[in-house]
Amino acid sequence: ITGGGGSIGSEIARSILNFNIKRLVLLDNYENGVYELIYELRRKYSDDVVIDVEIASIRDKQRLEKIFFAYKPDIVFHAAAHKHVPLMEDNPYEAINTNVFGTQNIANLSVKFKVNKFVFVSTDKAVNPSNIMGASKRIAEIYVQSLDAKLQLESYSHTRFVTTRFGNVLG
C-alpha cells in the first residue's frame, strides 16, 4: 500500500488484513503515520501476517524498483498522493511531481514486476477539476486507464488496473 500511513492507506491496511493475506507492505515517505499504524496492526495481527514498512518516496523510481524486486507484490493499492487543495494550489510542482509522475512510477513498476492488480485511489476532485490537485489526479487517472487499455490491446495477461474515487475523508 503506497501512502500506507495516511488516512486512506491506513484504512485500506486495516480492511485487507481481514482477508487472510500473507504479507502487508506499507510504503510511505512520512514516518509518523506509518509508525503508529504498524504498532496498532502488529498488536492485532502479530501471529497472522508479516507486516513490513518501507520509508520511500513514490517519486524515487530507483528506490521503488528495489522495493518491487524485494517483495514482488500480487496487488498494489496506490493511495500515496498530495491531497490538500490549498497547499497544492501554492505548490503545483509538488502536486504534478507526486500525483502524476509518482503514480506513473508505481504503475509502470507494477507492469514490469507482473503485479496482478493495481488499485489506484483517486479523488472526486478529478471530475471536471477546478484546481491543480484535482487536475493532477485526473492526469494520473488518464495515464493509468491508458496503460490498462494498451496492455489489453497487447493481450498482456498480468496486470489489471482499477481506479476508485474517494471523496473527503473525515475522522
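Here, every reference points to the structure presented above.
Chemist: Please explain the sheet that holds strand β3 (residues 75-78) as it appears in this structure.
Modeler: The three strands lie next to each other as β3-β4-β5, forming an open sheet whose pairing is parallel. Of all strands in the sheet, those bounded by a partner on one side alone are β3 and β5 (160-166). Across this sheet, the average inter-strand angle for adjacent strands is 15°, counted without regard to direction. In this fold helix α6 (residues 132-153) packs onto β4 (117-123) and β5, with an angle of close to 155° to the strand it touches most, β4.

Chemist: Would you explain helix α3 (residues 61-71) in this entry?
Modeler: Helical periodicity: at 3.6 residues per turn, an α-helix aligns residues three or four positions apart in one direction. Within the sequence span of α3, burial applies to Leu 64, Ile 67 and Phe 68. What you see down the axis of α3 is that its buried residues fit within an arc of 100°, all on one side. Set apart from the buried face of α3 by more than 90 degrees, the exposed residues are Gln 62, Lys 66, Phe 69 and Ala 70. As for α3, its buried residues are in contact with β1 (23-28), β2 (50-55), β3 and α5 (92-112). Immediately downstream of α3, the backbone of Lys 72 shows phi near 45°, a positive value.

Chemist: It is not clear to me how unusual backbone geometry should be interpreted in this structure. Could you clarify?
Modeler: Generally, phi is negative for residues other than glycine and the peptide bonds are trans, each holding for most cases. Even without being glycine, Asn 20 reaches a positive phi, approximately 55°. Mapped onto the elements of the fold, Asn 20 is located in the loop between α1 (7-16) and β1. Notably, Lys 72 is not glycine yet its phi reads approximately 45°, a positive angle. Considering the arrangement of structural elements, one finds Lys 72 in the loop between α3 and β3.

Chemist: When you look at the pattern of salt bridges in this model, what are you seeing that I'm missing?
Modeler: Pairing between side chains of opposite charge can happen when their charged atoms approach one another. Tallied over the full model, the rule gives eight salt bridges. Ionic pairing is found between Asp 52 and Arg 23, a salt bridge with its closest N-O pair at 3.0 Å. Here Asp 52, found in strand β2, pairs with Arg 23, found in strand β1; they are 29 residues apart in sequence, far enough to count as distant. One network of salt bridges, in which partners are shared, links Glu 11, Arg 14 and Glu 40.

Chemist: When you look at the side chain of Asn 131 in this model, what are you seeing that I'm missing?
Modeler: Here Asn 131 is to be found in the loop between β4 and α6. You can call Asn 131 buried: its relative accessible area is 15%. From its side chain, Asn 131 meets the backbone nitrogen of Gly 134 in a polar contact 2.6 Å long. In contact with Asn 131, other than residues within four places in its own chain, are Val 85 and Glu 89.

Chemist: It is not clear to me how the nonpolar core should be interpreted in this structure. Could you clarify?
Modeler: Within soluble globular proteins, side chains that are nonpolar tend to cluster in buried spots. Counting residues in each nonpolar core, the largest one holds 22 residues, and the members touching the most others are Phe 68, Ile 106, Phe 118 and Phe 161. Once you skip the residues sitting within four places of it in the chain, Ile 106 turns out to touch Thr 2, Ile 58, Leu 64, Phe 68, Val 76, His 78 and Phe 118. Among the nonpolar cores identified, the runner-up in size contains 19 residues, and Ile 1, Leu 24, Ile 38 and Ala 79 belong to it.

Chemist: Would you take a moment to explain the packing of aromatic side chains for this structure?
Modeler: Aromatic ring pairs are reported here in terms of the distance separating the ring centres and the angle at which the planes meet. For the structure shown, the criterion picks out three aromatic pairs. When the ring of Phe 118 is compared with that of Phe 161, the centres are 5.1 Å apart and the planes differ by 50°; the resulting orientation is tilted. Placement of the pair is Phe 118 in strand β4 and Phe 161 in strand β5, with a sequence separation of 43 residues. Phe 161 matches Phe 118 in its accessibility class, with the two residues each being buried. One residue, Lys 72, lies across the ring of Phe 69, its end atom 4.0 Å from the ring centre.

Rules used throughout
Residues numbered from 1 in each chain as written. Predicted model: local features only at pLDDT ≥ 70, side-chain atom pairs only at ≥ 80, totals over all residues. Heavy atoms only, no water. Pairing = 2+ DSSP bridges. Helix = DSSP H or I, 4+ residues; strand = E, 2+ residues; numbered from the N terminus. Axes fitted to C-alpha atoms, helices over the stretch in contact; angles between N-to-C directions. Contact = heavy atoms within 4.5 Å. Buried < 20%, exposed > 50% of the residue type's maximum accessible area, 1.4 Å probe, protein only. Arc of directions from axis to C-beta. Salt bridge = Lys/Arg side-chain N within 4 Å of Asp/Glu carboxyl O. Polar contact = N/O pair within 3.5 Å; in protein donor to acceptor, adjacent residues only side chain to side chain. Core = buried A, V, L, I, M, F, W, Y, C linked by side-chain atoms within 4.5 Å. Phe/Tyr/Trp six-rings, centres within 6.5 Å; stacked < 30°, edge-to-face > 60°. Lys NZ or Arg CZ within 6 Å of the ring centre and 35° of its normal.

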